[in-house]
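Structural overview for review
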Amino acid sequence: MKKLVLVLLFAFGSFAVHAQKNGFGLKGGLSSTQVNFEGGQLVPSDAQMGYHLGVFARFGGVGFFVQPEVLFTQTTGQFLEISSLSSIPPINYEAKFNRLDVPVMAGFRMLKIIRVMAGPIASFNIDSSLKEAGTTVQNVDLKKATLGYQTGVGVDLGNLTFEGKYEGGLSRFTENVGSYTADNRLNQWVLSVGFKLF
């Protein structure tokens, strides 16, 4: 995974060199994250707030642009374990994710200040864990890397850039949760504010 991260950072550095015509800057923002399960006894809870901080570059021709980013992202997701016995109340769990996210957006400019974009995102697990794991849900082996997609819109006002994106998971963040095998993915809404340095 270290080699892949180095390759991505090198690629981002190369992008930044060529991005001076369009911009290179800092960005940060908030996210609303929900863990999605396709399983009988694990049920998603309410969406949780998270944040991200990092850098972005933007380059391209007339009307078209490519925007790679490198972001540190912290998110959480809560879910319930529903027992088959009605006498046992649901148990709430919280998964905490610290990730290095590398989205690469491509899109079109409209009316000079509006951008429409979509693209893949690679997420690398830095330090993630499952809190308050009981005897049933424990020893969760979180994947070192996952893939997803993002789509959204942006508005540019001078050096300020505003974005709203939806992120969906294309791969599971773990193969199983304790003794349960479930299709588990992270989905989130992301709001960002950026400032172009040049």
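Located above this text is the structure these notes cover.
First, a word on scope: everything that follows refers to the structure included in this document. (Residues numbered from 1 in each chain as written. Predicted model: local features only at pLDDT ≥ 70, side-chain atom pairs only at ≥ 80, totals over all residues. Heavy atoms only, no water.)

Structurally, Ser123 can be placed in strand β6 (residues 114-125). A distance of 2.7 Å separates a polar atom in the side chain of Ser123 from a polar atom in the side chain of Asp101. Here Ser123 is in contact with Arg99, Leu100, Asp101, Lys144, Ala145 and Thr146, once residues within four sequence places are set aside. (Helix = DSSP H or I, 4+ residues; strand = E, 2+ residues; numbered from the N terminus. Polar contact = N/O pair within 3.5 Å; in protein donor to acceptor, adjacent residues only side chain to side chain. Contact = heavy atoms within 4.5 Å.)

Below, the discussion takes up the nonpolar core. Of all hydrophobic cores here, the largest spans five residues; its members are Val70, Leu100, Val102, Ala122 and Phe124. Every element with two or more residues in this core is listed here: β5 (91-110) and β6. (Core = buried A, V, L, I, M, F, W, Y, C linked by side-chain atoms within 4.5 Å. Buried < 20%, exposed > 50% of the residue type's maximum accessible area, 1.4 Å probe, protein only.)

Residue position: Asp156 is located in strand β8 (residues 145-157). Of the residues examined, Asp156 reaches a relative accessible area of 11% and is grouped as buried. Once residues within four sequence positions are removed from consideration, Asp156 is found in contact with Arg58, Ile113, Arg115 and Thr161.

Looking now at the packing of aromatic side chains. Tallying each qualifying case throughout the model produces five aromatic pairs. Arranged with centres 6.3 Å apart and planes meeting at 55 degrees, the rings of Tyr51 and Phe72 form a pair that is tilted. With Tyr51 in strand β3 (residues 48-58) and Phe72 in strand β4 (residues 64-81), the pair connects residues that are 21 residues apart, well separated along the chain. When the centroid spacing of 5.7 Å and the interplanar angle of 65 degrees are considered together, the rings of Phe64 and Phe108 count as edge-to-face. With Phe64 in strand β4 and Phe108 in strand β5, this pair connects stretches of sequence that are 44 residues apart. Taking the relative accessible area as the measure of exposure, Phe64 reaches 36% and is therefore partly exposed. Aromatic ring contacts, followed pair by pair, group Tyr149, Tyr166 and Trp189 into a single cluster. If you follow Arg115 out to its NZ or CZ, it ends over the ring of Phe65, 5.5 Å from the centre. (Phe/Tyr/Trp six-rings, centres within 6.5 Å; stacked < 30°, edge-to-face > 60°. Lys NZ or Arg CZ within 6 Å of the ring centre and 35° of its normal.)

That's the geometry; what it means functionally is another story.
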